[in-house]
Every structure is written in structure tokens, then in C-alpha cells.
Amino acid sequence: MGQQRNQEETTSQGRTVVVAEDEALIRLDIVESLRAAGYDVVGEAASGQEAVDLVRDQEPDVVVMDVKMPGKDGITAAQEIADENLAPVVMLTAFSQQSLVEKAADAGAMAYVVKPFVPEKLFPAIEVAISRFDQMNALRDEVSDMKARFEARKRVDRAKGLLMENMGLSESEAFRWIQKTSMDRRLTMQEVADAVIAQVQ
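Note that this is a predicted model, so its numbers are computed, not measured.

Engineer: It is not clear to me how the pattern of salt bridges should be interpreted in this structure. Could you clarify?
Structural biologist: Between side chains of opposite charge, a pair can form when the charged atoms approach closely. Scanning the model with the defined rule gives 16 salt bridges in all. Salt-bridge contacts for Glu 127 lead to Arg 15; the nearest nitrogen and oxygen are separated by 2.9 Å. You can see Glu 127 sitting in helix α6 (residues 119–142) and its partner Arg 15 sitting in the loop between α1 (2–12) and β1 (16–20), a full 112 residues away along the chain. Given the relative accessible area of 18%, Glu 127 is considered buried. Salt bridges sharing partners connect three or more residues here, namely Asp 53, Arg 56, Lys 72, Glu 80 and Glu 84.

Engineer: Looking at this model, I keep getting lost on the side chain of Arg 153. Mind explaining?
Structural biologist: Topologically, Arg 153 is positioned in helix α7 (residues 146–167). Setting aside its immediate chain neighbours within four residues, Arg 153 contacts Met 110, Arg 132, Met 136 and Leu 139.

Engineer: In this structure, what is going on with empty space enclosed by the protein? I would like to understand it.
Structural biologist: Where empty space is left can be seen by rolling a probe of water-molecule size over the atoms. Throughout the structure, instances matching the rule amount to one cavity of 30 Å³ or more. Looking at the largest cavity, the residues that line it are Arg 132, Gln 135, Met 136, Leu 139, Arg 153, Val 156, Asp 157, Lys 160 and Phe 175. Its residues assigned to classes, the lining of the largest cavity comprises four nonpolar, one polar and four charged.

Engineer: Would you explain the pairing of strand β3 (residues 62–66) in this entry?
Structural biologist: If a strand is regular, its side chains alternate between the two faces of the sheet. Of all five residues that make up β3, five are buried, and the element is covered over most of its length. Taking every second residue as pointing to the same face, both faces of β3 are buried, with Val 62, Val 64 and Asp 66 on one and Val 63 and Met 65 on the other. Taken together, the four bridges between β3 and strand β4 (residues 89–94) define a ladder with parallel strand orientation. Each residue of the ladder has a partner; that of Met 65, found in β4, is Met 91. Remark: the β3/helix α4 (residues 74–83)/β4 crossover connection has right-handed handedness.

What counts and what doesn't
- Residues numbered from 1 in each chain as written.
- Predicted model: local features only at pLDDT ≥ 70, side-chain atom pairs only at ≥ 80, totals over all residues.
- Heavy atoms only, no water.
- Salt bridge = Lys/Arg side-chain N within 4 Å of Asp/Glu carboxyl O.
- Helix = DSSP H or I, 4+ residues; strand = E, 2+ residues; numbered from the N terminus.
- Buried < 20%, exposed > 50% of the residue type's maximum accessible area, 1.4 Å probe, protein only.
- Contact = heavy atoms within 4.5 Å.
- 1 Å grid on protein atoms, 1.4 Å probe; cavity = no way out; pocket = protein on both sides within 12 Å on 5 of 7 lines; lining within 4 Å.
- Points joined across faces, edges and corners; volume = space filled by probe spheres on them.
- Nonpolar A, V, L, I, M, F, W, Y, C, P; charged D, E, K, R; others polar.
- Pairing = 2+ DSSP bridges.
- Right-handed = clockwise from strand over helix to strand, strands pointing away.

Given below as C-alpha cells:
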């Protein structure tokens, strides 16, 4: 248990976060939890537009953002942040807003957490979002067209899932395996993913 906590602390150490949540008490709770876990909260926003401006200004490692916010909502703000490739976004959504989760994913959110928020669910979601964002950027270097990039991401995600299932790898180990194989064999990551899917299915 202690080892797991230390691992969590080392991962979070120095990571910068912008928190966007219009309810002040919830925002305070999130900010305090993040700081206690070693994250560096560099900005707080109460609206979507404020969040986008803060992210452009602060260039954080990750954004934690509520779906429902006054003015520009969280999904629109997440879309802008994703379009400009500024930072990974973790969306906070009430359980009754499940239909919004797909919209959030389409908007470029990398992970989501269902409210009421609990640190045990938020911290892993943050790390998943950062890891996926890095993976997307690796794909971005390979595939310039947005639509093709999403298609490549879907294939790579599918291949990662198969590698995790069949080789017992973690998500990041599976991605690194695909990345390394693509470099070693001078193939694109999508070509490697397609080969994995063809062989393992």
C-alpha cells in the first residue's frame, strides 16, 4: 500500500493543473485534494472561457473541467483546448449526464470522472489523460489529417487492448511496444496496430 502511495506521489510531483468548476466549494475540494497529492494547481476557473484563457496562458500538464459551466460549457471549452493541442482534459460529469460522456470524448477529452468526485478516481484519470495525450501527440507526428488521426488512434487503442489482454502489459507498456516496433521496423504505428489486430483476433 505504502509503495503504491509513493508511486502515486512521484507521478503527481510537479504536474501542473488548471481546475475549471463553477461551484466554488467543489472547486476548493478538488484543488485541496490535488495539492495534498503533490499536484501544482496553477489556475482556477469558474467558466469555460476562463478555463480556455487560463490554459493558453499557463500551459498546464492537465485540465480538470466540469461539463456544465456558465457561458461556454465544458465540452465546448474542451474542444477548443483539444483543437489547439494545449493540454489533456479530464471531464467531471454527474452520473445523470452519461450521454454527455460521448460528446466529451468526441470533443477531445482524454478521460472522465463521475461526480461526486473522489480523489481515488480523479488521480488515475489524470494520469490516463496525460498518457493518452502524449500518445496522441506521437500519432500526430505520424498522421497530419485529423480524421485519419482519430482512425489511427482507434486502431492503436484496439491493438493496445489486445496486447494488454494477451501479454499482460499495462496501457503505457502496450503503447511503448507499438511505438518501438514501429521504429524498429520502419512502419507507422497504425500499420503495427493493424498487424497486431490481424494476428491476435
